[in-house]
2 protein chains.
Amino acid sequence: MTDPEQFHVYDTTLRDGAQQEGLSLSVQDKLAIASHLDELGVGFIEGGWPGAVPKDTEFFRRARTELNLKNAQLAAFGATRKAGTTAADDPQVRALLDAETPVVTLVAKSHVGHVERALRTTLDENLAMIADTVGFLVGNGRRVFVDAEHFFDGYRTNPAYALQVVRTATEAGADVVVLCDTNGGMLPDDVTATVRDVLAQTGARLGMHAHNDTGCAVANSVAAVDAGATHVQGTVNGTGERTGNADLITMVANLELKRGMTVLPDGALQEATRIAHAVSELTNIVPYSRQPYVGASAFAHKAGLHASAIKVDPDLYQHTDPAHVGNDMRLLVSDMAGRASVELKSRELGYDVSGDRELVTRVTQRVKDLEAAGYTFEAADASFELLLREEAEGRPSYFDVESWRVITESRPGGDAVSEATVKLRAGGERVVVTGEGNGPVNALDHALRTAIGALYPEIDKLELIDFRVRILDAAHGTDAVTRVLVEMTDGKTSWETVGVGANIIEASWEALVDAVTYGLLRQGGASIS
Amino acid sequence: MTDPEQFHVYDTTLRDGAQQEGLSLSVQDKLAIASHLDELGVGFIEGGWPGAVPKDTEFFRRARTELNLKNAQLAAFGATRKAGTTAADDPQVRALLDAETPVVTLVAKSHVGHVERALRTTLDENLAMIADTVGFLVGNGRRVFVDAEHFFDGYRTNPAYALQVVRTATEAGADVVVLCDTNGGMLPDDVTATVRDVLAQTGARLGMHAHNDTGCAVANSVAAVDAGATHVQGTVNGTGERTGNADLITMVANLELKRGMTVLPDGALQEATRIAHAVSELTNIVPYSRQPYVGASAFAHKAGLHASAIKVDPDLYQHTDPAHVGNDMRLLVSDMAGRASVELKSRELGYDVSGDRELVTRVTQRVKDLEAAGYTFEAADASFELLLREEAEGRPSYFDVESWRVITESRPGGDAVSEATVKLRAGGERVVVTGEGNGPVNALDHALRTAIGALYPEIDKLELIDFRVRILDAAHGTDAVTRVLVEMTDGKTSWETVGVGANIIEASWEALVDAVTYGLLRQGGASIS
C-alpha cells in the first residue's frame, strides 16, 4: 500500500470524541477502543491528555504494556506551556513527555482574540510558548504535531498572525500544523480558500480538524485534502462536543472510494461496519441507522418500483458496493411494494418462493391487509418470516396460549407495580403462571418465561433489548390503534417483531409472543404443531 | 423580505422523507406536519404521490379543507407518463391533476442507463414522455417542476443526453429542473462543476436534491446554490431513504446565517428548534442531540476551561448565536443557562417572574431534575405551568387520588378489554369508581370522568385528542423509562401534558391527571386546595 507517511489518518475518538455530552469512557473502554482503531488501520491514535486528566495518565501507563499496536502510533495531547515560564519547567508539558508516546500533539492559540481575551497574554509571548514547547519536545525525541486552535476564525480576524503561528511551529520542528475549525462554523469553500492560501504562503505540511456545526465536517475535511492537506483528524461515528467531530469512517471511505486514495492498510476498509458498531457498543451510544456507509439503513432500499431493477443492476441504485465497507444491501418490504419485494425478501431470509405464484400472492395480500391495519414489516423481519412460514407450511408453535391478564396498580409513595397471569398449554401440560414486573409488558415477559422455561430452557438466552410504541391515528386519543415493535436477542444476533391492536397491552403481547416463537425457532427447538 | 420567488425552499419531508426505514405516517400525521412546515415558512410542501399511494390521495383531499397554508404552496409528486401512451390517457398523470395542487413535481429519467435498463424504453421516447407530461400539466394550469433523477450519475455517463433532458423539460414549460443526486454519491466539487456546466449550457432555472450517502448532503446543496441553483429540496431533520435527504433546517440556517441570504419569512428561523422537535415527535423519531443548529447538544459546552470566558465572549466559542435558530447555549457543568428560558417561558404563559429570583431558581432546578429523569417540557406547556403554579402559590387540586388499578385481559376470539378502578376524594367525599375501555389508559380516563363528573360537570367538554409514548433509554427493553405526552381539548383550545415512569400505565396516568387538572383550571373551577 501507499506509504502511510504520505497521508495521515489521525483518530481523536478517545480525546476530542470523549467531549461528547453524556459520554464517559473508563480506561478499560479506551484500551478496548484503541485496539479497534488499530484494526481499522489509522495512523495515529490520540489517547488523551495525560497529566491534566488522571484517567488519561493511567491510559498511557497501561497502554505501554497492554496495547500491542500494529498500525497506529500513540499520540499524547496537551497544550503549549503556560505564559511566563519555560517548557522544561511546566509540569503540564513534562506530563506529556512522561506519557512516553512517539507523538505529542500540542494545541496552540492561533487567533489574536483568543490569545488576548482567553489566554490573556501578548501575541509575542504566545509565539514564544509555541516555539519553546515544540522545540523542547522535539529535543526530547518526540514527533510533534501542532493543532492551531480556532484557526479559520483566527485567519479571518488577523491572517498575518495566524500565518506566523504556522511558521513558528514548523520552524521549531513540528511535523504537521493542523488547521482547526474549532467552532465548526466553516463551509467547504471557506476551507478550500484558506488551506490553499496557507499552503502557498508557508509550504508547511497541513492537516484538518473539523467540527460538524454547519453539517459540513466531512465535506470540509475532503475540501482540505483537495486543497493540499495530507493529514485529517476525526472520530469514529463522529462523536465529539456539540454536533461532534468529522466522522472518521465517512472521511476515509470517501477518500478511498471516491478519490481513489489509499489511506488505510489493504482490506481494512471492509472492516469499517464491524468496527463502527463495536465502538458504538463500547461508547454506549445507540448506533445511528442513517450513518453513511456503515449505518444499518445506509444501503436499505424501499423496494417499491425498482425491486427487480436493483437485483439486476445494483449500480443503478447504489453509489458504491456496500461490501467495500463491510455492509449489506437490504430490501424493505413495505406497502409500496408488491410481489417482487415479497419474493426478494423471502429469498434474503432463505426461502425460494419464486416457483409458487399462489403462495406469493397470498403472502403479498396478507402483508397489504395487515399494513392497512397498522402493521409494518419493514422493521419486523421475524414477524414477516413467521407469516411466510404460516402461509407456506404452517406457523411454528411452541405453546398454545389460553388466556392472559395483567393487573397494574399504584403503590403509595412508590412506583406502580404490574402482575401478569398467563395460562397456556405446552408439552402436553396446562400451566398457570404469574409473573411480576415494573410494567405490564415486563410482567408478561416474566410470566411467559416462567411458564415455558422448564420445557424450553433455551429461553434463558433470549433477552428483550428494545421496545417501541407508536399510537397510530393519534387524533383519536386513547381510542387509537397501537403498534408495538420489539427487538430480541439470543446473544449472537437479534430480530424484530411487530404487534398491533386497539389495546396497547394486547399489541405488546402479540409482538412478544412472535419474538419468543422466532427465538425458539432459531434455537432449533421442535415445534409442537 | 426577499421575494420568495427568488429562492425556493422546497420541503419533501412528507414524500421523500417518508421513505425512511421504519417511518410510516398517517394522513393525520401528514396534515399536522404540514402545518409546522408552513410555520417554518418553506415555499413548497411536497405532500406525497396521489393515485400511487392511497394515503396520499386522501391527504390531498383533506388538505383542501383542513390545511390553511399561509406561506407554502402544496405540490403533488408523480412521474412522467408511461412509455407508449399519452399523458392525457395515463391514469397516474390524471391523478396528479385530481390532487388539485398549484404545483406538480414530476420525476423524470435523465440517465441513459436508467432509461434503457430500468424503464426499458428508448432515449427518444423518454424525452417525449417528459415533453408530453410537462406540457399536459402546464396546459391544465399547473406549475411544473421536474426532478431529473440520477442526474449527476447520468451526466457522467452521457452528458449530452442529460442536458437534452433539461432542455426538453424547460421547453415544455417546466419552471425549475431539479438536479437529483439520487444515489447520494457526490462530493461538493462534483456538484459545483456539474451545476456550473448545466447552467452555462442551458440557462435553465436549476434546483438541487441531495442525499447524504457520502455525509455531504448539506454541503452539496450549499455548493449547488453557490454555483447558481435557486431551489433546494430537503427534509426536516434529514429524514429519508438510506442515509436520508439533506437536512432542510441545516441548509436554510447555513444560507441565512453564513451566506447572508433571506430564504425564510422574517422571524421564521427563530422557530426552527421548536419546529424541528415538533416534527420529530410527529414522525416518532428520537431527536438527534448532535443535530446542527437545533440539536439539544448543538450549543452545549463542556464548561471546563472556558466557562467564564464563554459567558463574557460567547462569540469566541460559538459559530453563531443560538437564539437565531431558537436554541439555547447550555453549559454542562453549571446551571446558568436554564434561568433565562424559564423566565421567558413563564412570561409567554402570562406570569411575570422576573422580580422573584428565588422562585426562578426553584423552578429552574425542578425542571433540570425532572428533565434528567426523562421529562420534557418543550412539548408539555400545561405541565410546566402547573409546576410553576406549584412553586409560586401551590398546585391547583380538584381531586385527591388515593389509588388506581387497571386490569387488562385477553378475550377469546376478540379484542382484549381493560377495566380501571379509581379511588379518590373530591368535594369532601370518597369515591370508588370503575371504568371500562379498549385499553388501560382509555379505561382510566373513563373511570376518572365518572368519579368526578357529578362534582365537575365541565369535564364533559374535555376530550383526549393525542397520546404519544416514547420509551427512553430503549437499549434496556421493557425495563426502560417511559414518557407519555397527552393532548387534551375543551373544544376551543388544546394543551399538552407529560408523564414519566418505569411503568407505562403510571406515566400515562400522570399525564392524564395533569391534563384534567389543567382543563378544570381553565374552566375556572374553584380548586379544593
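Residues numbered from 1 in each chain as written. Chains lettered and ligands numbered in written order. Predicted model: local features only at pLDDT ≥ 70, side-chain atom pairs only at ≥ 80, totals over all residues. Heavy atoms only, no water.

**Q** I'm lost on the overall build of chain A in this one. Help?
**A** The secondary structure content of chain A amounts to 18 helices and 16 strands. Each principal axis of the C-alpha atoms in chain A carries an extent, and together these give about 85 × 60 × 45 Å. A sequence separation of at least 24 residues applies to 68% of the contacts in chain A between residues at least 6 apart. Summed over all atoms, the accessible surface of chain A reaches about 19,400 Å², with 47% contributed by carbon and sulfur. Here chain A contributes 48 positively and 75 negatively charged side chains, and the mean placements of these two sets differ by 1 Å. (Helix = DSSP H or I, 4+ residues; strand = E, 2+ residues; numbered from the N terminus. Contact = heavy atoms within 4.5 Å. Areas by Shrake-Rupley, 256 points an atom, 1.4 Å probe, with all protein chains shown as cover. Lys, Arg positive; Asp, Glu negative; His and termini not counted. Charge placed at Lys NZ, Arg CZ, Asp CG, Glu CD.)

**Q** Even after reading the chapter, I still don't get the sheet that holds strand β15 (residues 481-489) of chain B, so can you show me in this structure?
**A** Sheet strands line up and pair through hydrogen bonds in the backbone, either parallel or antiparallel. Residues and elements named next belong to chain B. In spatial order, the strands read β14-β15-β16; together these 3 strands make up an open sheet with antiparallel pairing. The sheet is open, and its two edges are formed by β14 (463-472) and β16 (494-501), each paired on a single side. Pairs of neighbouring strands in the sheet enclose a mean axial angle of 15°, with direction left out of account. Pairing analysis gives 8 bridges linking β15 to β16, with the strands arranged antiparallel. Bridging from a neighbouring strand, R483 pairs with V500 of β16. Its contacts with the sheet place helix α18 (residues 504-522) against β14, β15 and β16, and it is angled at close to 150° to β16. (Pairing = 2+ DSSP bridges. Axes fitted to C-alpha atoms, helices over the stretch in contact; angles between N-to-C directions.)

**Q** Could you clarify how one ought to interpret the pattern of salt bridges in this entry?
**A** A side chain with one charge may pair with a side chain of the opposite charge, provided their charged atoms come close. Residues and elements named next belong to chain B. Enumeration according to the criterion identifies 56 salt bridges over all chains in this entry. A salt bridge links R274 to E39, with the shortest nitrogen-to-oxygen separation between them at 2.6 Å. Here the residue R274 occupies a position in helix α11 (residues 272-283), and E39 occupies one in helix α1 (residues 27-40), the gap between them amounting to 235 residues. For the salt bridge of E125 with R81, the shortest nitrogen-to-oxygen distance reads 2.8 Å. (Salt bridge = Lys/Arg side-chain N within 4 Å of Asp/Glu carboxyl O.)

**Q** Explain unusual backbone geometry here, please?
**A** A negative phi angle is the norm for most residues apart from glycine, just as the trans form is the norm for most peptide bonds. The residue R242 of chain A is not glycine, and still its phi comes out positive at about 55°. Along the chain, the position of R242 of chain A falls in the loop between β8 (231-234) and α10 (248-257). According to the relative accessible area criterion, R242 of chain A is buried, its value standing at 8%. Located in the positive-phi region is H150 of chain B, a residue other than glycine, with phi close to 50°. (Buried < 20%, exposed > 50% of the residue type's maximum accessible area, 1.4 Å probe, protein only.)

**Q** How do you make sense of the confidence of the model for chain A when you look at a structure like this?
**A** Atomic detail in the predicted coordinates should be set aside for any region of low pLDDT. Residue and element names in this part refer to chain A. Per-residue confidence for chain A gives a mean pLDDT of 90, with 95% of residues at or over 70. Below pLDDT 50 for its whole length, residues 474-478 participates in 16 contacts with residues either more than four positions away or in separate chains. Under the prediction, the complex receives an ipTM of 0.78, its pTM being 0.78. (pLDDT = per-residue confidence, 0-100.)

**Q** Help me understand the interface of chain B and chain A, please; the structure alone is not making it clear to me.
**A** Interfaces are often described in size by the accessible area the parts lose on coming together. Across the contact, 103 residues belong to chain B and 100 residues belong to chain A. Carbon and sulfur atoms supply 52% of the area that chain B and chain A bury against each other, a total of about 8,200 Å² over both sides. Inspection of the chain B/chain A interface yields 4 salt bridges. Across the pair R259 of chain B and D189 of chain A runs a salt bridge, and its minimum N-O distance is 4.0 Å. Joining chain B to chain A, the criterion identifies 26 residue pairs in polar contact (both at pLDDT 80 or more). The biggest single contributor to the side of chain B that touches chain A is strand β11 (residues 400-411) of chain B, with 8 residues. Taken together, the residues of the side of chain B that touches chain A sort by class into 38 nonpolar, 42 polar and 23 charged. Relative to β11 of chain B, strand β11 (residues 400-411) of chain A runs antiparallel, the two being bridged by 5 bridges. (Buried area = accessible area lost by both parts, 1.4 Å probe. Polar contact = N/O pair within 3.5 Å; in protein donor to acceptor, adjacent residues only side chain to side chain. Nonpolar A, V, L, I, M, F, W, Y, C, P; charged D, E, K, R; others polar.)

**Q** It is not clear to me how the packing of aromatic side chains should be interpreted in this structure. Could you clarify?
**A** For any pair of aromatic rings, the description rests on two quantities: the centre-to-centre distance and the angle between the ring planes. Residue and element names in this part refer to chain A. Scanning the model with the defined rule gives 21 aromatic pairs over all chains in all. Ring plane angle 85° and centroid distance 6.0 Å describe the contact between F151 and F152, whose orientation is recorded as edge-to-face. Judged on exposure class, the residue F151 and its partner F152 are both buried. Each member of the aromatic cluster is reached from another via a ring pair, and the members are Y10, F44 and F145. For R15, the ring lying beneath its charged end belongs to F77, and the centroid distance is 3.6 Å. (Phe/Tyr/Trp six-rings, centres within 6.5 Å; stacked < 30°, edge-to-face > 60°. Lys NZ or Arg CZ within 6 Å of the ring centre and 35° of its normal.)

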